[in-house]
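Here's the letter readout for the chains.
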Amino acid sequence: MVFDIISRLAKNVFGRKIRIYNFRQLKPTITMNDSINITDIESELATKAPQQILRYALENHNNIAVSFSGAEDVVLIDMAHKIRSDIKVFSLDTGRLHAETYRFIDRVRDHYNIDIDIIMPENDKVEALVKEKGLFSFYKDDHKECCGIRKISPLRRHLLTLDAWVTGQRKDQSPGTRANVPVIQDDKFFAKEGSVLTKFNPLSNWTSQQVWDYIRAFEVPYNELHDSGYVSIGCEPCTRPTGPGQHEREGRWWWEEATKKECGLHAVNIQSDS
Ligand code: SF4
């Protein structure tokens, strides 16, 4: 009863449903200021292991899904599947992924016996872009327009159906754009108007080495492209292997400046950094 009254009051005052967390018990409660409490819970969770962060996320959100990019994010699927076998997983199919990545997605589906929602871009938008600018416009303009149509727009559509999502972002993936990635965020960029969308980044504090140690220790399936020198894997035309001493992000959109090497999937980081 008290919960309902406070919830209605909060909605009336802010025009937005507010979910707040009691960080002592690590349980969601309602208060009037979500940004302060997200910060509090972040400092509580920041020192926890990825599995504990995931457990917290899965126990506090029913309508939550893991975003699987077809690279090392499968570590999250492995951890989440050990907590809850009915986890929801989705993957963006831009239409430009490597054949190896498509095979890998299917291997993961079979390995864990899970459904993976494959999210695709809208046909008419892709057709219009290709008709006007060809199949490789990103080399001449920049990658934003193509990523917007093939990634951001379908992701936005899918996130409208969720209350929370889990990503494999890590601080060490990109010093230029991910150095401050928190383990929990209030994702205002993709939230439905009047709703809260919570984003969890349980691997934020892990290094690439820790991810690969986990993959080997638990025999987690991985994309076979990693055996050919690929580290960070996205779409085929925008990804290339990296050599010794190169940062993994140098294999993505290599014709652009380091600070622009984000496709917009994690725009909330760029906004908060600026
Ligand atoms: S990564 Fe490249 S091919 Fe893929 S959506 Fe972005 S610009 Fe297009």
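Quick note: structure is the one above.
Values in this document were obtained by computation on a predicted structure and should not be read as measured data.

Analysis parameters
Each chain carries its own residue numbering, running from 1 in the written order of its sequence. Local features in a predicted model are, by the rule used here, given only for residues with pLDDT of at least 70; side-chain atom pairs are given and counted only at 80 or more, and totals for whole chains, interfaces and linings are based on all residues. Inter-axis angles, ranging from 0 to 180 degrees, are taken between N-to-C directions of lines fitted to C-alpha atoms, where helices are fitted over the stretch in contact. Helix and strand definitions follow DSSP, with helices as H or I runs of at least four residues and strands as E runs of at least two, each counted in order from the N terminus. Every angle not falling under 35 degrees, over 145, or within 65 to 115 is termed oblique; those three ranges are roughly parallel, roughly antiparallel and roughly perpendicular. A clockwise turn of the near helix away from the far one marks a right-handed crossing, whereas an anticlockwise turn of less than a right angle marks a left-handed crossing. Note on contacts: each residue gets a C-beta atom placed from the backbone, and two residues are in contact if those atoms are within 7 Å. Under the scheme applied here, ten amino acids are nonpolar (Ala, Val, Leu, Ile, Met, Phe, Trp, Tyr, Cys and Pro), four are charged (Asp, Glu, Lys and Arg), and all others, including Gly, are polar. Note on pairing: DSSP must find at least two bridges between two strands before they are called paired. To estimate how far a helix should reach, multiply one less than its number of residues by 1.5 Å. Take the seven residues that end at a residue and the seven that start at it, fit an axis to each, and the angle between those axes is the bend at that residue.

Any details on the packing of helix 6 (residues 123-133) against helix 8 (residues 144-159)? Residues and values, ideally.
At a minimum axis separation of 10 Å, helix 6 and helix 8 run at an interaxial angle of 170°. Taken together, the axes of helix 6 and helix 8 lie roughly antiparallel to each other. Like other packed secondary-structure pairs, helix 6 and helix 8 cross with a definite hand, here left-handed. In this structure, helix 6 contributes Lys 125, Val 126 and Leu 129 to the contact, and helix 8 contributes Glu 145, Cys 146, Ile 149, Arg 150 and Ser 153. Residues of the contact of helix 6 with helix 8, tallied by class, amount to four nonpolar, one polar and three charged.

Please set out the sheet that holds strand 4 (residues 88-92) residue by residue, giving values where relevant.
Spatially, six strands are ordered 5-4-3-6-8-7 in an open sheet, and the strand pairing comes out mixed. The open sheet has two edge strands, strand 5 (116-119) and strand 7 (184-186), and neither has a second partner. Along the sheet, successive strands turn relative to each other by an average axial angle of 25°, direction set aside. Each of strand 3 (64-67), strand 6 (164-166) and strand 8 (198-200) touches helix 3 (residues 50-60); the most contacted strand, strand 6, lies at about 155° to it.

Give me the lowdown on the packing of helix 3 against helix 4 (residues 74-83), citing residues and values where you can.
At a closest axis distance of 10 Å, the pairing of helix 3 and helix 4 adopts a crossing angle of 55°. In terms of orientation, helix 3 and helix 4 fall into the oblique class. Here the hand of the crossing between helix 3 and helix 4 comes out right-handed. Note on element contacts: helix 4 touches helix 3 through Met 79, Ala 80 and Ile 83, opposite Pro 50, Gln 51, Leu 54, Arg 55 and Leu 58. Tallied by class, the residues present in the contact of helix 3 with helix 4 amount to six nonpolar, one polar and one charged.

Give me helix 8: which residues, what numbers.
If you check helix 8, its first and last C-alpha atoms are just 20 Å apart, much less than what 16 residues at 1.5 Å a residue would give, namely 22 Å. Along its length, helix 8 shows its largest kink, about 30°, at Ile 152, and proline Pro 154 lies within four residues downstream of that point. Looking at the buried positions of helix 8, the neighbouring elements they touch are strand 4, strand 5, helix 6, helix 7 (137-140) and strand 6.

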